[in-house]
Amino acid sequence: MLNNRNKLFFLMYSTVLLIIGFSLSQLLIMLAPWRQFEIYFILFVGIIIGEIFWLLGRKIKHLHKTLTILLIVSSLGIFYSYYSVINTHFINEYPVLSTQIEMINPTQKQIVLNTIQSEDGHRMYILQALNAIQPKDKLLNKADNLIISKYQFMKYKAVTLPEIAWDEDPYDDVSWNFSLHKMDYIVTLTRAYEETENIAYLQKAQALVLDWISDNTFYLLLPPSKFTWNDHTTALRLMNWLYFIEVWKKTSLPTEKNAQTIFRSISGHAKLLASDHFYSYKHNHGIDQDRALIAFSAMHPYNVNSPSYQKLALERSKIQFALAVSENGIHMEHTPAYHFYGMTQIEKFSNFLALWDIAPTYVKQLQNKFTRMIDYIPYIVKPDGHIVQIGDTAKSSITRKYKQLINLEKLPQVIKELITTGATNNAIDESKVFQEEGYAIIRDSLNRELSFKDSFYLFFTAGAHEGRTHRQADDLSFVMSNRGNEILIDPGVYSYKENSGRDYILSSSAHNTVIIDNKTYDGWDTTLDNFIANDTYTYLTATHHNYEGFTFERHLIYLANNMVIIIDNITNKSVNTKETSHEFQQIFHFAPMLKIDNVSLDKNAYSSILDANNTPILKVVQLGKIPTSIDIVKGQKKPMQGWHSIEHAKLIPAPTLISTIQGSNALFVTALVFNPLHLSKANSINDLVTLSPINNNKNLIKLAVMHNETELIFEVDIQLKKITLN
């Protein structure tokens, strides 16, 4: 029990502890206002612990000294953390006050932006390089919403944020907070000011920039959001701010204080982008980091580190572009959507360099690479005018993607028609392989008998480029369209939020491939092995070893206006294969408007695929061993199966056909029949295609196919991956 004297000391100690703790908490709240609740909670816990230590201190020798040392060490650690954050993100690399910067004559070769802003052509390049081009329609409406603190990103409804804490995520979607931090809306407000000369727009932009700096620079331990200093948002935000600054500094808004604040912050951005540990190699984010650093160094030559930043960005970008785009002009991040993003990056980068007369030889190399990327466009446009959805590609038309690009001149006629109308009057009948990249494409209009929109199209992927992003577990999958119908589909991108929907999209279960034991896989061991194309057939083979202990080989044979034959051979590498049994599922995902009908498990298991008018457009036939089961799944939630994403963060049900074989190994031989004469009649499938082994050799099979009223005999050596036409 405490006597009166000790009670008095205890009361005094508690009062002092409360005053010190409360004062410290107010200081912390000033530095990190978004963490007010956490700070008060820590204050409360700290006082309780302090009281307990005081009571224990009467019994434990040297406890007060130990507690004092711990408090000093932890305080030093906290303040060092704070200092290191400020030292990294808020630095002064300008020789004079930032408000005087416009008065300096730069010694660098580049000319200052404001001497050429009156030239529309140059101005367009600068807008382009800084991601500042925005359509004028609805520009003022968007700016007016921003004035009243309404923020609208992607397809979500606008959200009103009178005060931003910078950790907001109202739709539980990381892309929303990402958009908040990359700050494209600063350019919207700046452009609105230029259109109207209404200073209120620029005042709002200034307030948002200063607020971001205050809350995202002066913090303890952790910033408000993981996107505060994200590798991509940092680059994109700097480019947006650079454009804002060039307009802002010519007005009456800058003061010595806010100019110092803004210029120190962009110096911190540039310093971070130049650091090796922050740089994203083998990634489109790294290219944007170099774009931002080049723009900063050219537009701010008076920054003491600009020459070294420019040299570094040029060196890194050369490596990045060589890794990002193959010699065939194909972007290597596993998705056609990023092929267009990569084209945009190259175009903006090369145009900016050309404008500032930086590295002219390098500019020509980039322009040549850009031309090769244009040549690839016809291969990734489906007959319906949309970009083929492989990997993280959202549903988007070629005409919309083209709007991302500027200054395309001297285009081939076919490409010009495609990107402006979504179709072409010129035939593109070609079977094409890009073996190094892992892609094969078949397009066939039957010698112009069919229009572009009705032509056959198949895109096969075996692309697995280790270290690159936006890949899904889609090895050996393919999509297919025919006669105006999108038939076999890929799942789309959905969103980048980590949840069950995203997990499903990434998994092998969401693709037209074979899965083992209901599992997906990780790995990069995939090859496109063989490709033959002639007037009679197209044949390709590909292999992946990404399921541990298994080899999966897929053979594909295309016969024009007739069928595609798929041979899926999955072999167990285990010595004692008879001791284990596995479940192998061959999965085909069909477009949402189609339906699967008339599943049969007779001699030849087959399923009919109907369009919205109940007209047969495809028959899926199992020519080999009859599967244990053939199931139709659509919009299943547990486990997720039969879903497709056509817009951000939304999934819609899509019919899915799953054929299952149990055993230690599996061989699926499947015909996808679209022969219009066969589909319109009730003929047996045996009248069209039959399968038989050769000399009881499981690696040799014979396919007899009626094609253009002629019987073709194919012998396929599964082991050697060879085909012979007799």
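Higher on the page you've got the structure.
Let me begin by describing the structure that accompanies this report. (Residues numbered from 1 in each chain as written. Predicted model: local features only at pLDDT ≥ 70, side-chain atom pairs only at ≥ 80, totals over all residues. Heavy atoms only, no water.)

## Examining the overall build of the protein chain
This is how it is decided: In DSSP terms, a helix is any run of H or I states spanning at least four residues, a strand is any run of E spanning at least two, and both are numbered starting from the N terminus. We call a residue buried when its accessible area falls under 20% of the maximum for its residue type, exposed when it is over 50%, and partly exposed in between, using a 1.4 Å probe and counting protein chains only. Contacts: residue pairs with any heavy atoms within 4.5 Å of one another. Methods summary: accessible areas were calculated by the Shrake-Rupley approach with a probe of 1.4 Å, and residue burial reflects only the protein chains presented.
The number of helices and strands found in the protein chain is 18 helices and 27 strands. Within the protein chain, the proportion of its 726 residues that are buried is 56%. Across the protein chain, the fraction of contacts at a sequence separation of at least 24, relative to all contacts at a separation of at least 6, is 64%. Accessible area of the protein chain: about 32,500 Å², with a carbon and sulfur share of 54%.

## Some details on the packing of helix H13 (residues 336-355) against helix H14 (residues 360-376)
Selection rule: Structural elements are reduced to axes, namely lines fitted to C-alpha atoms, with helices fitted over the stretch in contact, and the angle between N-to-C directions of any two is expressed from 0 to 180 degrees. Reported orientations rely on four angle classes, namely roughly parallel under 35 degrees, roughly antiparallel over 145, roughly perpendicular from 65 to 115, and oblique for the rest. A clockwise turn of the near helix away from the far one marks a right-handed crossing, whereas an anticlockwise turn of less than a right angle marks a left-handed crossing. Charged residues are taken to be Asp, Glu, Lys and Arg, nonpolar residues to be Ala, Val, Leu, Ile, Met, Phe, Trp, Tyr, Cys and Pro, and polar residues to be all remaining types, Gly included.
Axis separation between H13 and H14 bottoms out at 9 Å; the angle between their running directions is 155°. On the basis of the axis angle, H13 is roughly antiparallel to H14. In the packing of H13 onto H14, the handedness of the crossing is left-handed. Contacts between H13 and H14 involve His 339, Gly 342, Met 343, Ile 346, Glu 347, Phe 349, Ser 350, Leu 353 and Ala 354 from the first element and Tyr 362, Val 363, Leu 366, Gln 367, Lys 369, Phe 370, Met 373, Ile 374 and Tyr 376 from the second. Across the contact of H13 with H14, the residue classes break down as 12 nonpolar, four polar and two charged.

## A short note on the environment of Ala 359
When you line up the elements, Ala 359 lands in the loop between H13 and H14. Taking relative accessible area as the criterion, Ala 359 reaches 23% and is therefore assigned partly exposed. For Ala 359 and Leu 314, which are 45 residues apart along the polypeptide, the C-alpha to C-alpha distance reads 8.4 Å.

## Details of the sheet that holds strand E7 (residues 485-488)
Backbone-to-backbone hydrogen bonds pair the strands of a sheet. The strands run either parallel or antiparallel. Rules: By this definition, two strands are paired if DSSP reports at least two bridges between them.
Strand order in the open sheet formed by five strands is E3-E4-E5-E6-E7, with antiparallel pairing between adjacent strands. Of all the strands in the sheet, just strand E3 (430-434) and E7 have a single pairing partner and so form its edges. Strand-to-strand, the axes of this sheet are offset by a mean angle of 10°, without reference to chain direction. Looking at chain direction, strand E5 (residues 456-461) and strand E6 (residues 477-482) are connected through five bridges and run antiparallel. Across the sheet, Thr 461 pairs through a bridge with Ser 477, a residue of E6.

## As for the packing of aromatic side chains
Formally: Pairing of aromatic rings covers Phe, Tyr and Trp, the last counted by its six-membered ring, and requires centre-to-centre distances within 6.5 Å; plane angles under 30 degrees mean stacked, over 60 mean edge-to-face, and any other angle means tilted. The criterion for a charge sitting over a ring is simple: Lys NZ or Arg CZ within 6 Å of the ring centre, and within 35 degrees of the ring normal.
The final tally for this structure, using the stated rule, is 24 aromatic pairs. For the pair Tyr 376 and Tyr 379, a centre-to-centre distance of 6.1 Å together with 35° between the ring planes defines the contact as tilted. Note on accessibility: Tyr 376 and Tyr 379 belong to one class, buried. In textbook terms, an aromatic cluster arises when at least three aromatic residues are bridged by ring pairs, as seen for Tyr 151, Phe 153, Trp 176 and Tyr 185. In this structure, Arg 237 packs its charged tip against the face of Trp 229, placed 5.4 Å from the ring centre. For the cation-ring pair, Lys 318 lies above Tyr 362, with the distance from its terminal atom to the ring centre recorded as 5.2 Å.

## Some thoughts on empty space enclosed by the protein
Note the threshold: A pocket here means an open set of points on a 1 Å grid, computed over the protein atoms alone, that has protein on both sides within 12 Å along at least five of seven lines. A cavity is instead a set of points where a 1.4 Å probe fits but cannot get out; residues with an atom within 4 Å of a point line either one. Grid points are joined across faces, edges and corners, and a volume is the space filled by probe spheres set on the points.
This model, assessed by the stated rule, comprises five cavities of 30 Å³ or more. Considering only enclosed or pocket space, the largest cavity measures out at about 60 Å³ in volume. As for the largest cavity, its lining consists of Ile 330, His 331, His 334, Thr 335, Pro 336, His 339, Tyr 376, Ile 390, Tyr 439 and Phe 459. Looking at the lining of the largest cavity, its residues break down into six nonpolar, four polar and no charged.

## Examining the nonpolar core
As a rule of thumb, soluble globular proteins bury nonpolar side chains together. We apply this condition: In these notes, a set of buried Ala, Val, Leu, Ile, Met, Phe, Trp, Tyr and Cys residues joined through side-chain atoms within 4.5 Å is what counts as a nonpolar core.
Within the largest apolar cluster, 101 residues are counted, with the highest numbers of intra-cluster contacts made by Tyr 151, Tyr 185, Ile 186, Phe 244, Trp 248, Leu 353 and Phe 459. Looking at this core, the element that brings in the most residues is helix H9 (residues 231-248), giving 11 residues. In contact with Tyr 185, other than residues within four places in its own chain, are Leu 146, Tyr 151, Phe 153, Trp 166, Ser 179, Leu 180 and Leu 208.

## Points about unusual backbone geometry
A cis amide bond, omega -15°, links Lys 638 with the succeeding residue Pro 639. Take Pro 639: it is sitting in the loop between strand E18 (636-637) and strand E19 (640-641). Positive phi outside glycine occurs at Leu 476, with the angle close to 70°. Mapping Leu 476 onto the fold places it in the loop between E5 and E6.

## Focus: the packing of helix H8 (residues 199-217) against H9
Two elements in contact, H8 and H9, have axes whose closest approach is 11 Å; the angle formed by their N-to-C orientations is 135°. Between H8 and H9, the interaxial angle falls into the category oblique. The handedness of the crossing between H8 and H9 comes out as left-handed. Only Arg 237, Trp 241, Phe 244, Val 247 and Trp 248 of H9 make contact with H8, whose side of the interface consists of Leu 202, Ala 205, Gln 206, Val 209, Trp 212 and Ile 213. Within the contact of H8 with H9, the residues separate by chemical class into nine nonpolar, one polar and one charged.

## A few points about H8
Where we set the bar: Expected helix span is given by 1.5 Å per residue-to-residue step, counting one fewer step than there are residues.
In this model H8 runs 27 Å from its N-terminal to its C-terminal C-alpha over 19 residues, within 8% of the 27 Å that 1.5 Å per residue would give. Of all the positions in H8, only Tyr 201, Leu 202, Lys 204, Ala 205, Gln 206, Leu 208, Val 209, Trp 212, Ile 213, Asp 215, Asn 216 and Thr 217 are classed as buried.

## Brief notes about H9
The condition is simple: N or O atoms within 3.5 Å of each other form a polar contact, as long as, within protein, one can give a hydrogen and the other can take it, and as long as residues adjacent in sequence are counted only when both atoms are side-chain atoms.
Between its first and last C-alpha atoms H9 spans 26 Å; for 18 residues at 1.5 Å apiece the expected length is 26 Å, and the two agree. Measuring from the backbone nitrogen of His 232 back to the side-chain oxygen at the start of H9 gives 2.8 Å, which picks out Asn 230 as the cap.

## Quick look at the pattern of salt bridges
We apply this condition: The working definition used for a salt bridge is a side-chain nitrogen of Lys or Arg within 4 Å of a carboxyl oxygen of Asp or Glu.
Taken as a whole and assessed by the stated rule, the structure comprises 14 salt bridges. Across the pair Lys 382 and Glu 486 runs a salt bridge whose closest N-O atoms are separated by 2.3 Å. Here Glu 486 lies in strand E7 and Lys 382 lies in the loop between H14 and helix H15 (398-402), a separation of 104 residues in the sequence. Relative accessible area serves as the criterion here: at 4%, Lys 382 is assigned to the buried category. Note on Glu 486: relative accessible area 17%, which makes it buried. For Asp 475, the salt bridge identified is with Arg 471, shortest N-O distance 2.8 Å.

## A closer look at the side chain of Ser 317
Tracing the chain through its elements places Ser 317 in helix H12 (residues 306-324). Residue classification places Ser 317 among the buried positions, given a relative accessible area of 1%. The contacts of Ser 317, once residues within four sequence positions are left out, are Tyr 279, Asp 290, Phe 349 and Tyr 362.

## A word on the sheet that holds strand E26 (residues 710-717)
With antiparallel pairing, the four strands of this open sheet are ordered in space as E24-E25-E26-E27. Each having just a single partner strand, strand E24 (689-694) and strand E27 (722-725) make up the two edges of the open sheet. If you compare each strand with its neighbour and ignore which way they point, the axes differ by 25° on average. With six bridges connecting them, E24 and strand E25 (residues 697-707) associate as antiparallel partners. Note on E25: the bridge partner recorded for Thr 690 is Ala 704.

## Quick notes on the side chain of Ser 149
With respect to the secondary-structure elements, Ser 149 resides in the loop between helix H5 (139-147) and strand E1 (150-151). For Ser 149, a relative accessible area of 8% gives the class buried.

## Here's the deal with the pairing of strand E21 (residues 650-653)
Relative to E21, strand E20 (residues 643-647) runs antiparallel, the two being bridged by three bridges. The residue of E21 that forms the bridge with Trp 643 is Pro 653.

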